[in-house]
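# An overview of the molecular structure
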Amino acid sequence: MRHLMSPLDFSVEELEELFQLADDIEKNPAKYAHACAGKKLATCFYEPSTRTRLSFEAAMLNLGGSIFGFSDANSSSAAKGESVSDTIRIISCYADICAMRHPKEGAPMVAASRSTIPVINAGDGGHQHPTQTLTDLLTIRAIKGRLNNFTIGLCGDLKFGRTVHSLINALVRYSNINFIFISPDELRVPEYITEMLREKNISFQEVTRLEDVMPELDILYMTRVQKERFFNEEDYVRLKDFYILNKEKMELAKDDMIVLHPLPRVNEISVEVDDDPRAVYFRQVQYGVYVRMALLLTLLEIKVE
Ligand code: NCD
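In this report, the structure presented in the accompanying data block is examined. Counting of residues starts from 1 at the beginning of each chain's written sequence and follows it residue by residue. At least 70 in pLDDT is required for a residue's local features to be given in this predicted model, at least 80 for side-chain atom pairs to be given and counted, and no such filter applies to totals for whole chains, interfaces and linings, which use all residues. Heavy atoms throughout the structure, all of them, feed into the side-chain values; hydrogens and water do not.

Here the focus is the nonpolar core. Think of a nonpolar core as a cluster: buried Ala, Val, Leu, Ile, Met, Phe, Trp, Tyr and Cys residues, connected wherever their side-chain atoms sit within 4.5 Å. For the exposure calls, accessible area comes from a 1.4 Å probe over protein chains only, and a residue counts as buried if that area is under 20% of its type's maximum, exposed if over 50%, partly exposed in between. Counting residues in hydrophobic clusters, the biggest one holds 60 residues, and the most contacted among them are Ile152, Leu154, Ile168, Phe179 and Leu197. Secondary structure follows DSSP: runs of H or I at least 4 residues long count as helices, runs of E at least 2 residues long count as strands, and numbering of each begins at the N terminus. Per-element accounting of this core gives the leading share, 10 residues, to helix α11 (residues 281-299). Two residues form a contact once any of their heavy atoms are found within 4.5 Å. Ignoring any residue separated from it by four or fewer positions in sequence, one finds Leu197 in contact with Ile168, Val172, Phe179, Phe181, Ile202 and Phe204. Counting 21 residues, the second-largest nonpolar core is a separate cluster that includes Met257, Val259, Val273 and Ala279.

If you want it as structure tokens, here you go:
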């Protein structure tokens, strides 16, 4: 039995197989409409989410399976003090697979170690968000046609943004990726990540101004300042509007540069950018459903001929 805790749980070859399956799902949705008939997905969300939970649920429904779960820790027995280990043992009796989001780093790992069904980490604190990374990779692969040879700028809250941490981890396995980290000093990418990049001899720069690097980028990955992980409101208020991507800044970019965002967006991308063909963050949401469908089939070991 296999779980998904980090994007590194799949080799580059296995990821390619997953993406090919997602491509086939996109082209032939009817072929997969009953693939998970009789299977149940439990979504255990101890932290708010719209996209991730609903896209898991949409993915399972598209495969003909059923869904149930909770979207608020207060409505589960966690409010009575039940441990994640106990909860997953219970869920294992009800469901065939579980997607779990938790504010505590490592909680889905603890659950996986006690579970008799596959567990998917749907985001653990500021740590990892592997299915968002699968979504990001599939989007880049679909639109750019490759997962190597590009310069990617990651902009915003690089300290607390788990999607950023997961994506960097995953991209270092592809060749000739040049990272530009764009953040205020307080929200720089954690040292363990820059150390890992140095060890692997992977090129990266850290800058503060988005405008300066805009012309170099093939991909711009914008992120929201992670309000819920701040210790004080004052710092959040000071930093929340540090970057606002607008039409003017988009003019500095290459014609085929693409803008990704894991969403939700707050102020960091002005709505006027949405109509720019290079803004692909809403298409990214659709790829998120295909890749989660492919992941559910893979972890449930269901083959569709
Ligand atoms: C991200 C998350 O939860 O980390 N959202 C998502 O899953 N699409 C990004 C965010 O909340 O900023």
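After that view of the structure, there is still more to cover.
At least two DSSP bridges between two strands are needed for those strands to be called paired. With respect to topology, four strands assemble into an open sheet ordered β2-β1-β3-β4, the strand pairing being parallel. For this open sheet the edge positions go to β2 (66-70) and β4 (119-124), each flanked by a neighbour on one side alone. Each neighbouring strand pair of the sheet contributes to a mean axis angle of 15°, computed without reference to strand direction. Where strand β1 (residues 40-45) lies against β2, five bridges are found, and the strand directions are parallel. Looking across to β2, one finds that Ala42 is bridged to Phe68. Angles here are taken between N-to-C directions and fall from 0 to 180 degrees, while the axes themselves are lines fitted to C-alpha atoms, restricted in helices to the stretch in contact.

It is worth spelling out the pairing of strand β3 (residues 97-102) at this point. Each regular strand shows side chains that alternate between the opposite faces of the sheet. Burial analysis of β3 places six of its six residues in the buried class, which makes it a mostly covered element. Strand direction decides the pairing type here: β1 and β3, joined by five bridges, are parallel. Directly across from Phe45, in β3, lies its bridge partner Arg101. Relative to β4, β3 is paired through four bridges, and the arrangement is parallel. In the sheet register, Met100 faces β4, and the bridge partner there is Asn121. Crossover β3 to β4 through helix α4 (residues 107-114) is right-handed. Every crossover in which the path from the first strand over the helix to the second runs clockwise, viewed with the strands pointing away from the viewer, is termed right-handed.

A sheet is described by the order of its strands in space; here five strands give the open sequence β7-β6-β5-β8-β9, paired in parallel fashion. Two strands close off the open sheet at either side, each with one partner strand: β7 (204-207) and β9 (258-260). For this sheet the average axis-to-axis angle between neighbouring strands, irrespective of direction, equals 20°. Bridge analysis of strand β6 (residues 177-182) against β7 gives four bridges, and the strand direction is parallel. Within β7, the residue paired with Ile180 across the bridge is Gln205. Contacts between helix α5 (residues 130-144) and the sheet are confined to β5 (150-155), β8 (219-222) and β9, with β9 contributing the most and set at about 165° to the helix.

Let's shift gears to the pattern of salt bridges. Note on definitions: salt bridges are taken to be side-chain nitrogens of Lys or Arg within 4 Å of carboxyl oxygens of Asp or Glu. By the definition in use, this model includes 18 salt bridges. Among the ionic pairs, Asp185 bridges to Arg188, the shortest N-O distance being 3.4 Å. Judged by its relative accessible area of 56%, Asp185 is exposed. On the accessibility criterion, Arg188 (40% relative accessible area) is partly exposed.

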